[in-house]
Amino acid sequence: MRGLRIALPGGTLFDSACGLLDDAGIASLDPASFDRELSIRHGENVFVKVRPTDVPVYVEMGGCECGIVGKDVLWESSRECYELADLGFGLCRLVLAAPRDSALAAGMWPQSLRVATKYPVSARRFFAARSLNIVVIRLHGSVELAPLTGLADCVLDITATGRTLAANNLVEIAEAGTSTARLIINHAALKTRNDQVGAIAVALRRAAAERLHAGAA
Amino acid sequence: MTGLDALPPGASVRGRADGFTDYLVGPAARRRQLTDRIIETFEAWGYGFMVTPVIEPLDTIAAGVGGAQQSALFRFMDSDGSLLALVGERTVSVARVVATQLHGGPFPLRLCYAGSILRNQALNAGRRRESLQAGCELVGADGLAADAECIALAAAALERGGVEHIQVDVGHADFVPGLLDSAGLDATAREKVLAALARRDLVAVETALEGTDAADAERRLLLAFPTLRGGREILDTAAGGLRGARPQRALQELAQLWDLLEAHAITDRVHLDLGAVRDWDYYTGPTFEVFSVDSGFPLGSGGRYDTLLSRFGTPLPATGFVLHVDRCHDSIERRDVVPAAPVVLRVSWERDAHAGALELTRGLRRKGVACACDLVAGGDGDVHVSAAGARWSHLGNGERGSIDAAVAALVPGAP
C-alpha cells in the first residue's frame, strides 16, 4: 500500500509542525525546502504545504489522509474529519477585544454591536448565547484596524501574546476559546489505513507529550 | 478579447448550479450500468424494486430524520402553503410507503430503490448537492440474520458493480451510549461526550471525560476509540472489565453477527469497529459502513433502525443500507483507464439504396449490434450499401453479399 499524504499548515504553525514530525521520528523536513517546492516526499510519505484554511478541505475530500491544523481553523470549517489528537503547540486564544476607552471596555454591553473578525462562524456562535443585536463584518487581515477606523465597535480575533491588541489600544473583554494544533484524519483513511494513520497519531502524541514534559521541567 | 474581462458586467454565464453534475456520453452510460448491476444484485437476493417521489412533505421527512439533516434540505412551498422538500435520503420515504400501503405484509418485506437525493450544501465546497443512491430495506425482521444479510448484500452489490478493495466496518449503535451509561456519567457529561463523538472530535471526548469520575474500564475503552477495531478477538478485549448489561449485550450481538458473516463467507472483508461514529438517534442495533481504499468517502452505510417505522404508526423492526452510487462511480472512473466507447456501426448508402440500408440496420439491431444509418446519400461509413436494397459492401475489403450475410459477418460471435 502506498504511503500517506500529509497536509501541513503554512504560516505560524509551519515550523513547529515540521519540528514535531522530526521529534516524532516521522520525517525530518527542512521548513525552508518548502520554499522551493510545495510537495516533498520523505520515505513513503508525501508532505504538502497548504494554506491553513485549506488543510481540512484536503483531508475531508481525500486529497490527503492526514493534516495538522489549528483548532481555530476547525471552528470555522464545516468539513467532516476526525480530530484525533491535540498536538499542544500553536497555543493562542480567540478573544473579544474593544478600544480601551469604549463603553464595552468599561463592562457595558450595548444593545447592538459591530464585530470585525476573521472568524465569522465563531463570532455567531459566541454571540448566539448573548441576546445582542450583532453585525458580523468579515475581514481577511489586520482586524485591529477596524475599531480605529470606525468600521466596527470591537474585534473577535486570535491573540497569542496580547501585544498586537495592546499596540492598537484594544483590551480583552472576553475569551471565546483556546486553540492549539490538532491532528485531523480523513474518515475513510481512518478505517482503510488504520495501521498507518494510527502509527502517525501515536508517534505525534508521544512527541507532543514529551515536549510538554520538557517545557514543564 | 477573452477571459473574465470579456464578459460584460452582470452578464449571466449560462451554467449549471454549483454541486450538480452533467454526465456526458460515456460516463453517463457507465454510471447507469453501475446502477443496473447494483439493482440486479438486489433483485437477485429477492429485493423488489420500487420507486418513491423526489419530493415529500416536510412533515413526513421531519418524522424520520433529525434537525441537522432537515436544515440541509431544499425546501419550498406547495400551492396550499404547506412545506415540501426534495428528499435528502430515501429510507424515510420507504418507511412511509410500508406504514401506509404495505403494513399488511407478508413480512419480512424486501424492498430496494435507486434515485436522486438532494442536499442544499455550501457553494464551492466541492460537494455534490444531487447524488444517486441505491438502497435496500429489510422490514419486519428482527434477528441478526437480517443484519448479516444486508451487510453481505451491500458488499456483493458493490463488487458486482466493479468496486475493488472493499472493506466493511461493523459497529453497534448501542455500544457507546451503553458504555456511557455504565460508566456512571451524569446526563450533562454524557451529552457532551456523545456530541463530541458525533462531531468526530476525539480531543473533545478526552477533555469531556477528564472532568468526570468515569470508571476505569469504560474510560479506557472510550479513549481507545479509534483503535477499537479488528476481528472477533476485539470483542473479548473490549468485554474485559465491563459491567454494564447494555454494552455487554451489544458485544454479544456483534459476536453472533460475526458468526453469521462468516457463514456468508465475507469476514475477510469485515472489521468490527466499536468506535464507529453514527447517528445514535436513528440507529438502534448493528450499523455498518463500506469503504474502499480507492475513495476518501464511505461508499455505503446502513444499520438497524427499529424505531423509525413506529414514528409512522407501524411499529416494525427494520434494517437496511444505502450505497452512494456516484462515489462508487468516481472511484471506478479514477481507477480505470477510460474504457473504449462502445462500437456503433455507421451505415452509409448510395442513391436508391436508402431502404436497403435501413433494412440492414434493422437486421443488425435485432442481433444486438448498435448502428446508425446516414441521413443522406454518400459518405463512407463502416458499412456501405450500394445497390437497390439487397447488396452491401464492407468498406476496406470490398465484400459484397446479401443483408443476411452482412449481418452474419458483422455481428460479433455469429457463425
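Residues numbered from 1 in each chain as written. Chains lettered and ligands numbered in written order. Predicted model: local features only at pLDDT ≥ 70, side-chain atom pairs only at ≥ 80, totals over all residues. Heavy atoms only, no water.

Engineer: Explanation requested: the sheet that holds strand β12 (residues 318-324) of chain B in the structure shown.
Structural biologist: Strands pair in a sheet through their backbones, by hydrogen bonds, and they do so in one of two ways: parallel or antiparallel. Residue and element names in this part refer to chain B. The strand order β1-β5-β6-β12-β11-β10-β7-β9-β8 describes an open sheet built from nine strands, whose pairing is mixed. The sheet terminates laterally at β1 (48-49) and β8 (229-230), the two strands that pair on one side only. With four bridges joining them, strand β10 (residues 286-292) and strand β11 (residues 300-304) adopt antiparallel strand pairing. Paired with Glu289 across the two strands is Ser301, which belongs to β11. Sitting on the sheet, helix α11 (residues 245-263) touches β7 (166-172), β9 (270-273) and β10, and the angle it makes with β7 is about 150 degrees. (Pairing = 2+ DSSP bridges. Helix = DSSP H or I, 4+ residues; strand = E, 2+ residues; numbered from the N terminus. Contact = heavy atoms within 4.5 Å. Axes fitted to C-alpha atoms, helices over the stretch in contact; angles between N-to-C directions.)

Engineer: Where do I start with the environment of Glu262(B) in this structure?
Structural biologist: All names here are of chain B. Looking at the secondary structure, you find Glu262 in helix α11. On the basis of relative accessibility, which here comes to 46%, the residue Glu262 falls in the partly exposed class. A sequence separation of 114 residues divides Glu262 from Ala148, and the C-alpha atoms of the two residues are 9.4 Å apart. (Buried < 20%, exposed > 50% of the residue type's maximum accessible area, 1.4 Å probe, protein only.)

Engineer: Explain the packing of aromatic side chains to me, please; I cannot follow it from the model alone.
Structural biologist: Residues and elements named next belong to chain B. Within this structure, the stated rule accounts for seven aromatic pairs over all chains. Residues Tyr282 and Tyr283 carry aromatic rings whose centres are separated by 5.0 Å and whose planes lie at 85 degrees to one another, so their mutual orientation is edge-to-face. Residues Tyr282 and Tyr283 agree in their burial class; the two are buried. By way of ring pairs, the aromatic residues Phe42, Phe288 and Phe321 are connected into one cluster. (Phe/Tyr/Trp six-rings, centres within 6.5 Å; stacked < 30°, edge-to-face > 60°.)

Engineer: Where do I start with the pattern of salt bridges in this structure?
Structural biologist: Side chains that differ in sign of charge can pair as their charged atoms come close. Per the counting criterion, the structure on display carries 34 salt bridges over all chains. One salt bridge connects Glu60(A) with Arg127(B), and the closest N-O pair in it is separated by 2.5 Å. Separated into two different chains, Glu60(A) in helix α2 (residues 55-60) and Arg127(B) in the loop between β5 (109-118) and β6 (130-139) make up a pair that spans both. For Glu60(A), a relative accessible area of 6% translates into the label buried. Residue Arg199(B) pairs with Asp201(B) through a salt bridge whose shortest N-O separation is 3.7 Å. If you follow the salt bridges from partner to partner, you end up with Lys71(A), Glu83(A), Asp86(A), Arg182(A), Arg199(B) and Asp201(B) in one network. (Salt bridge = Lys/Arg side-chain N within 4 Å of Asp/Glu carboxyl O.)

Engineer: What is the right way to look at the sheet that holds strand β2 (residues 55-57) of chain B in this model?
Structural biologist: All names here are of chain B. On the basis of which strands lie adjacent, the open sheet formed by three strands has the order β2-β4-β3 and antiparallel pairing. Edge positions in the sheet fall to β2 and β3 (75-77), since each of these pairs with one other strand and no more. On average, adjacent strands in this sheet sit at an angle of 35 degrees to one another, irrespective of strand direction. Pairing of β3 with strand β4 (residues 83-86) involves three bridges; the strand directions are antiparallel. Directly across from Met77, in β4, lies its bridge partner Leu83.

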